[in-house]
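As a plain string of letters, each chain reads:
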Amino acid sequence: MINFLIVSTFLFGALIGSFLNVVILRYGTGKKILGIGERSMCFSCSKTLEWYELIPVFSFLYQRGRCRGCKSKISWQYPLVEFTTGLLFAAVAWKNFSGVSLEEAFGASNFSTTAILTLFQFVIWSILIVITVYDIRHKIIPDFLVFMFAGLSLIASIFFPEVLGHTVTSAIVAGIAFFAFFGGLWLVSGGRWLGFGDAKLVLGVGFLLGPIQGLSALVLSFWIG
């Protein structure tokens with residue numbers, strides 16, 4: 001049953017990834033992210049895409065990465081975001097539900113912990129994916145997204161301290177300390193070493209991961225960078 005859940009979650013994540021691509025491409029452009037009259041289309045020939053051209057990952061592979069109308073190349077961003085989102089969602093489901101029966105996970109006594117925590121993690125990962133790709137494309141992190149990440153991370157620390165492995169007090173202290181450190185680097189360097197958006201982002205990292213895991217994440221990010 002857990003294998004079925006993981007596969008289903010991957011497919012659900014890939015669908016969410018398709019929506020995240022819409023958010024990434026339309027955020028800040030004035031176009032509606034949701035709503036009638038804002039259907040997906042080819043950026044080269046303006047051809048309105050049919051449903052079978054919007055199947056996550058599969059449509060890109062079937063069309064060999066090209067528009068069916070004008071044959072222009074389609075960005076690899078689309079399948080990568082869809083596949084990555086599906087993979088992350090499946091990993092969250094595996095971590096949270098592995099070794100736990102669906103009856104136990106979705107029972108009345110456990111629903112508020114396992115299932116709701118999973119939904120929280122889905123939303124947080126989705127926001128982080130949008131932030132990452134948007135930052136790669138535009139070299140800026142939108143305030144709305146970064147503060148939403150920080151707010152949800154703080155809420156998660158309040159309601160799921162045992163699962164996250166730290167108290168809400170330590171999470172707040174970590175977030176403020178990380179923000180102060182990165183903000184100091186930004187201030188001293190005049191923005192040459194990093195942007196102020198990074199300082200705002202690590203506020204949520206501290207809220208979500210706490211001092212120990214958060215510090216490990218920041219050290220790892222410096223090494224990768």
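Before reading on, note that the structure itself is shown above.
Residues numbered from 1 in each chain as written. Predicted model: local features only at pLDDT ≥ 70, side-chain atom pairs only at ≥ 80, totals over all residues. Heavy atoms only, no water.

Novice: A description of the nonpolar core should follow, citing residues and the corresponding values.
Specialist: V81, V130, I131, F149, F182, L201 and L218 are the most contacted members of the largest nonpolar core, which has 31 residues in total. In contact with F182, not counting residues within four places along its chain, are L194, D198, A199, V202, L218 and F222. (Core = buried A, V, L, I, M, F, W, Y, C linked by side-chain atoms within 4.5 Å. Buried < 20%, exposed > 50% of the residue type's maximum accessible area, 1.4 Å probe, protein only. Contact = heavy atoms within 4.5 Å.)

Novice: Describe the side chain of N21, with residues and values.
Specialist: Looking at the secondary structure, you find N21 in helix α1 (residues 2-26). From its side chain, N21 meets the backbone oxygen of Y78 in a polar contact 3.1 Å long. Apart from the residues within four sequence positions on either side, N21 is in contact with Q77, Y78, V81 and E82. (Helix = DSSP H or I, 4+ residues; strand = E, 2+ residues; numbered from the N terminus. Polar contact = N/O pair within 3.5 Å; in protein donor to acceptor, adjacent residues only side chain to side chain.)

Novice: Can you explain helix α6 (residues 143-159)? Please cite residues and give values.
Specialist: Look at α6: 24 Å from first C-alpha to last across 17 residues, which is about the 24 Å you get at 1.5 Å a residue. Looking at α6, one finds that the buried residues are L145, V146, F149, A150, L152, S153, A156 and S157. (Expected span 1.5 Å × (residues − 1).)

Novice: An account of the pattern of salt bridges is requested, with residue identities and associated values reported.
Specialist: On inspection of all chains with the given rule, the structure shows one salt bridge. The residue K200 makes a salt bridge to D143 at a minimum N-O spacing of 2.4 Å. With K200 in helix α9 (residues 196-224) and D143 in helix α6, this residue pair connects regions lying 57 residues apart in the sequence. (Salt bridge = Lys/Arg side-chain N within 4 Å of Asp/Glu carboxyl O.)

Novice: Pulling in residues and values, what's your account of the packing of α6 against helix α8 (residues 168-189)?
Specialist: The contact between α6 and α8 brings their axes to 8 Å, and the two run at 155 degrees. Put simply, α6 runs roughly antiparallel to α8. Within the contact between the two elements, α6 uses L154, S157 and I158 and α8 uses V168, A171 and I172. Per-class residue counts for the contact of α6 with α8 are five nonpolar, one polar and no charged. (Axes fitted to C-alpha atoms, helices over the stretch in contact; angles between N-to-C directions. Parallel < 35°, antiparallel > 145°, perpendicular 65-115°, else oblique. Nonpolar A, V, L, I, M, F, W, Y, C, P; charged D, E, K, R; others polar.)

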